[in-house]
Amino acid sequence: MKNILVTGGAGFIGSNFINYILDKRDDYNIVNLDKLTYAGNLENLIPSQKKQNYHFVKGDIVNSEFVDLIFRKYDIKYVINFAAESHVDRSILGSEVFFRTNVIGTNVLLEAARRYEVEKFLQVSTDEVYGSLGENGLFTEDTPLHPNSPYSASKASADLVALAFHHTYDVPVVITRCSNNYGQYQFPEKLIPLMIINSLNEKKLPVYGDGMNVRDWIYVLDHNKAIEIVFEKGRISEVYNVGASNEIPNIEIVKLILKHLGKSEELIEYVKDRLGHDRRYAINSSKIKKELGWSPCYKFEEAIIQTIDWYKKNKNWWESIISGKYQDYYKTQYGTK
Ligand code: NAD
Ligand code: TDX
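Every value quoted in this text rests on a predicted model; they were computed, and no experiment measured them. (Residues numbered from 1 in each chain as written. Chains lettered and ligands numbered in written order. Predicted model: local features only at pLDDT ≥ 70, side-chain atom pairs only at ≥ 80, totals over all residues. Heavy atoms only, no water.)

Undergrad: A description of the pattern of salt bridges should follow, citing residues and the corresponding values.
TA: Under the defined criterion, the tally for this structure stands at 19 salt bridges. Here Lys2 ties to Glu232 by a salt bridge, and the two come within 3.4 Å at their closest N and O atoms. You can see Lys2 sitting in strand β1 (residues 2-7) and its partner Glu232 sitting in helix α7 (residues 220-233), a full 230 residues away along the chain. We classify Glu232 as partly exposed; its relative accessible area is 31%. Between Asp68 and Arg115 there is a salt bridge, with the nearest N and O atoms lying 2.9 Å from each other. Of this pair, Asp68 sits in helix α2 (residues 64-74) while Arg115 sits in helix α4 (residues 96-115); the two residues are 47 residues apart in sequence, bridging distant segments of the chain. (Salt bridge = Lys/Arg side-chain N within 4 Å of Asp/Glu carboxyl O. Helix = DSSP H or I, 4+ residues; strand = E, 2+ residues; numbered from the N terminus. Buried < 20%, exposed > 50% of the residue type's maximum accessible area, 1.4 Å probe, protein only.)

Here it is, written out as structure tokens:
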């Protein structure tokens, strides 16, 4: 039995990971440590909740005494760190909590990993640490770090802390850097769920700038399969890029959503651009493919339709989220409710 601390497991990618992994493995004992910020939602974990090898603990990764207690109580030997403040726009509105959770929190976990001599520490990172691309080229693992937003600067810092803990103390760290995810349970502040939900509600769809910024989209389960394989077979101190070679300008995604839902393109509203908006991300994943045998399984054309239909069918899930505090965020970010 592997005792694995999964942090941030009530968020979008972490909850999909836990549900996926516990469905196929009974040799993993998962302890999910999550602060339940606005982005954490235990409803995402209903498929896992009754399993004997799943445990939930509410807590903050920044709290070192509490983290220490969890490592001791559950005899933690492995860590997969998903916990983070994850939204670029919120980091532009206020960056402090990003550095607290993403940098200090990762440092606290690494200190505990060192004390308790963990056997592997997987840091879940992002392609945004590389900055922005021009019209050509792809991010490889050797692309210099050039984060442009407070969010990506905090994630790049966390990567450097993790690598330093390997270099200095031999903590067995491995890092994944994935491109933009989509799928079920994604918080509706992110492009795809926001546009789906606004379309369903016949609300305006706020497209930043000229809508031609490009993101490289991957289905969340393909990302999670990459995490599984890096966790099992990834070489210590290495970085693995993860992406599905699926570059799409934002406006095309927005139009695809409207078309599938049978809504008018008149709902599109071009709004003021995001500050410091990265123009293009695109990932070269040949290292993880060649070395570890991973490759994406899901076709964008099918998985995006499944995702749109999931939000259509699961109004209960998002209706409670978009009331209350989300409305305040929306007003601050978009100037309208
Ligand atoms: P999310 O915002 O949906 O979930 C984050 C989770 O972390 C939430 O459950 C939240 O409650 C928890 N959390 C936040 N602060 C915490 C703290 N101090 N202590 C404990 N728990 C805390 O994020 P996500 O989209 O699922 O992203 C997960 C990870 O993957 C992040 O590290 C992110 O940087 C990375 N990532 C995301 C994407 C993407 O497209 N969403 C792509 C690449 C990498
Ligand atoms: O209302 C919007 N209008 C708009 O045009 C929103 C929310 C976004 N956009 C644009 C900005 C980006 O070009 O859509 C694109 C995608 O935006 P987000 O969904 O906010 O994602 P992004 O900023 O690319 O970051 C995401 O991918 C990498 C995740 O949020 C990060 O956690 C991850 O690390």
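Alright, that's what it looks like, and here's the rest.
Undergrad: So what about the site of ligand 1? Which residues, and what values?
TA: Close contacts around ligand 1 come from 28 residues, with Ile13, Asp34, Ser86, Tyr151 and Lys155 the closest. Leu36 is positioned with one of its backbone polar atoms (N or O) 3.5 Å from an oxygen atom of ligand 1. For ligand 1, an oxygen atom lies 2.6 Å from a polar atom in the side chain of Tyr151. Burial of ligand 1 by the protein amounts to 97% of the accessible area it has alone, namely 840 Å². Among the secondary structure elements, those contributing two or more residues to the shell around ligand 1 are α1 (12-24), β5 (120-126) and α5 (150-169). (Near = heavy atom within 4 Å. Polar contact = N/O pair within 3.5 Å; in protein donor to acceptor, adjacent residues only side chain to side chain. Areas by Shrake-Rupley, 256 points an atom, 1.4 Å probe, with all protein chains shown as cover.)

Undergrad: I'd love a proper account of the domain arrangement of the protein, names of residues and values included.
TA: Reports of interface size often rely on the accessible area that becomes lost once the parts have come together. Here the protein is described as being made up of domain 1 (2-181 + 218-242) and domain 2 (186-215 + 246-281 + 300-325). Summed over the shared surface of domain 1 and domain 2, the result is two salt bridges. When the shortest N-O distance is used, the salt bridge between Asp89 and Arg274 registers 2.7 Å. If you tally residues by element for the side of domain 1 that touches domain 2, the top one is helix α3 (residues 88-93), at four residues. Partitioned by chemical class, the residues of the side of domain 1 that touches domain 2 number nine nonpolar, 12 polar and six charged. (Domains from an automatic or database assignment. Nonpolar A, V, L, I, M, F, W, Y, C, P; charged D, E, K, R; others polar.)

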